[in-house]
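This is what each chain is made of:
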Amino acid sequence: MDGRRRSPARLLAPISLAVFVLALLIVIASSGTDDSSDSGATSITQQQNQQPSTTGDTTTSTEPTVSGTFYTVKTGDTLAGIAEQVGVPVTRLQELNPNLDPQALVSGQKIRIRE
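Procedures and definitions
Numbers given to residues run from 1 along each chain, matching the order in which its sequence is written. Local features are withheld for residues below a pLDDT of 70 in this predicted model, meaning they are given only at 70 or higher, and side-chain atom pairs are given and counted only at 80 or more; totals for whole chains, interfaces and linings count all residues. For the side-chain quantities, the full set of heavy atoms in the structure was used; hydrogens and water were omitted. Here a strand is any run of E in DSSP of at least two residues, a helix any run of H or I of at least four, and the numbering for each starts at the N terminus. For each residue, the accessible area found with a 1.4 Å probe, counting protein chains only, is set against the maximum for its type, and the residue is called buried under 20%, exposed over 50%, and partly exposed in between. What makes two residues a contact is simply this: any of their non-hydrogen atoms within 4.5 Å. Only the protein chains shown count as cover for residues, and the accessible areas themselves come from Shrake-Rupley with a 1.4 Å probe. It is the directions from the helix axis to the C-beta atoms that the arc portrays. For the purposes of this section, nonpolar cores are sets of buried Ala, Val, Leu, Ile, Met, Phe, Trp, Tyr and Cys residues that join through side-chain atoms within 4.5 Å. Under this definition, polar contacts are N or O atom pairs within 3.5 Å; protein pairs additionally need one hydrogen-donor-capable and one acceptor-capable atom, and for neighbouring residues in sequence, both atoms have to be side-chain atoms.

1. Quick notes on the overall build of the chain
Consideration 1: Of regular secondary structure, the chain possesses 3 helices and 5 strands.
Consideration 2: Each helix and strand of the chain, placed in order from N terminus to C terminus, yields the pattern α-β-β-β-β-α-α-β.
Consideration 3: Residue burial in the chain is summarised as follows: out of 115 residues, 14% are buried.
Consideration 4: Across the chain, the fraction of contacts at a sequence separation of at least 24, relative to all contacts at a separation of at least 6, is 43%.
Consideration 5: Roughly 9,100 Å² of accessible area belongs to the chain as shown, and the carbon and sulfur atoms make up 57% of that amount.

Have a look at this one:
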């Protein structure tokens, strides 16, 4: 060596970087297992539950709301999804509902599915 003293920061920097990376990996590994297992089980249970549930005065169901020749739109419905549920092609639904805007379906709106 040429007699120069090495700065302690030159030794501490790589050590602190390694500690930071290790702590980050531990946080990532622990956060991925606790929350996702519970929420995944809940969503699977909700999807499998086909029974109507009542909350106060409101009744919700996962079954399509079809009343003879009309379908009542639910939140999250799309025209393609409705067509698949009721077994009618999208083009036929558009023919039966000429004033219907497929991009602006509103929950509670009734659309004709049969003549």
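2. Observations regarding helix α2 (residues 79-86)
Consideration 1: The complete set of buried residues in α2 reads Leu-79, Ile-82, Ala-83 and Val-86. The buried residues of α2 all sit within an arc of 100 degrees when viewed along its axis, so they share a single face.
Consideration 2: Remark: Gly-87 follows α2 within two positions and exhibits a positive phi of approximately 75 degrees.

3. Quick word on the nonpolar core
Consideration 1: By size, the foremost hydrophobic cluster in this structure holds 12 residues: Tyr-71, Val-73, Leu-79, Ile-82, Ala-83, Val-86, Val-88, Leu-93, Leu-100, Leu-105, Ile-111 and Ile-113.
Consideration 2: Top contributing element to this core by residue count: α2, with 4 residues.
Consideration 3: Discounting chain neighbours no more than four positions away, the residues touching Leu-93 are Leu-79, Ile-82, Ala-83, Val-88, Arg-112 and Ile-113.

4. A look at the side chain of Asn-97
Consideration 1: Relative to the assigned elements, Asn-97 resides in the loop between α3 (90-96) and β5 (110-112).
Consideration 2: A distance of 2.8 Å separates the side chain of Asn-97 from the backbone oxygen of Arg-112, its partner in a polar contact.

5. Focus: the side chain of Asp-77
Consideration 1: With respect to the secondary-structure elements, Asp-77 resides in the loop between β4 (70-72) and α2.
Consideration 2: Engagement of the side chain of Asp-77 in a polar contact is seen with the side chain of Tyr-71, the distance being 2.7 Å.
Consideration 3: One polar contact links the side chain of Asp-77 to the main-chain amide nitrogen of Lys-74, over a distance of 2.8 Å.
Consideration 4: Look past the residues within four positions of Asp-77 in its chain and what remains in contact with it is Tyr-71, Thr-72, Ile-82 and Leu-105.

6. Some words on the environment of Thr-72
Consideration 1: Structurally, the position occupied by Thr-72 is in strand β4.
Consideration 2: Distance from Thr-72 to Arg-112, taken between C-alpha atoms, is 9.1 Å for residues 40 residues apart in sequence.

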